[in-house]
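# Architecture at a glance
The residues making up each chain are set out below.
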Amino acid sequence: MKNKYRKLLQKEAPNLYKSYEDIVEEQFELFAKKQLDYGISNISTGANLETKEGKEFALHGLWFRMNDKIQRLKNLVVLGEPDTVGESIEDTFKDLSVYGIIGQIVQQGKFK
């Protein structure tokens, strides 16, 4: 039953299924690259993620990073401002996706 909905979506909307699958794979590669570039401690910033306080600290940091991206989307999409830093709308969505997954891993206590 684990893949019930995935199999149904693949059958009903194969192009959508493939597009999503490709993006997830690309996101995983981006996550791996950034973790190697910045280091694992970038998320914990020295906090112990095995404690409630450490998790909260990391989640607050992720919230700030995500808020920066949301504000960037606001400027690019809502206000129609031009891209002046070389980070496209697509790049911003990618970063938000990765931060969202990292947040889930931190919340589950598995970011070690």
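Our structure's up above, just so we're on the same page.
Below you will find a few notes about this structure. No experiment lies behind these values; they were computed from the predicted model shown. (Residues numbered from 1 in each chain as written. Predicted model: local features only at pLDDT ≥ 70, side-chain atom pairs only at ≥ 80, totals over all residues. Heavy atoms only, no water.)

A few words now on the packing of helix α2 (residues 14-38) against helix α5 (residues 89-107). For the pair α2 and α5, interaxial distance at closest approach is 10 Å and the crossing angle is 75 degrees. As summarised for this structure, α2 and α5 are arranged roughly perpendicular, according to the angle between their axes. Of α5, the residues touching α2 (which contributes Glu26, Gln27, Leu30, Phe31 and Gln35) are Lys94, Asp95, Ser97, Val98 and Ile102. Class assignment for the residues of the contact of α2 with α5 results in four nonpolar, three polar and three charged. (Axes fitted to C-alpha atoms, helices over the stretch in contact; angles between N-to-C directions. Helix = DSSP H or I, 4+ residues; strand = E, 2+ residues; numbered from the N terminus. Parallel < 35°, antiparallel > 145°, perpendicular 65-115°, else oblique. Contact = heavy atoms within 4.5 Å. Nonpolar A, V, L, I, M, F, W, Y, C, P; charged D, E, K, R; others polar.)

All right, on to the side chain of Thr92 then. The residue Thr92 is located in helix α5 in this model. We classify Thr92 as buried; its relative accessible area is 0%. Ignoring sequence-local partners within four residues, the contact set of Thr92 consists of Lys69, Arg72, Leu73, Leu76 and Glu87. (Buried < 20%, exposed > 50% of the residue type's maximum accessible area, 1.4 Å probe, protein only.)

Oppositely charged side chains are able to pair whenever their charged atoms sit close together. What the rule picks out here adds up to nine salt bridges. We note a salt bridge from Glu87 to Arg72, for which the minimum N-O separation is 3.6 Å. Placement of the pair is Glu87 in the loop between α4 (52-78) and α5 and Arg72 in helix α4, with a sequence separation of 15 residues. Residue Glu87 is classed as buried on the basis of its relative accessible area of 16%. On the accessibility criterion, Arg72 (16% relative accessible area) is buried. Among the ionic contacts, a cluster of salt bridges with common partners joins Lys69, Arg72, Asp83, Glu87 and Asp95. (Salt bridge = Lys/Arg side-chain N within 4 Å of Asp/Glu carboxyl O.)

A turn of α-helix holds 3.6 residues, and therefore any two residues three or four places apart point the same way. With 25 residues, α2 should cover 36 Å at 1.5 Å per step; its first-to-last C-alpha distance of 36 Å lies within 8% of that length. The complete set of buried residues in α2 reads Tyr17, Gln27, Leu30 and Gln35. Tucked inside the fold, the buried residues of α2 contact α1 (4-12), α3 (41-44) and α5. Of the residues trailing α2, Gly39 is marked for its positive phi of about 90 degrees. (Expected span 1.5 Å × (residues − 1).)

This part takes up the environment of Gly109. In this structure, Gly109 sits in the segment after α5. Separated by 73 residues in sequence, Gly109 and Leu36 have C-alpha atoms that sit 20 Å apart.

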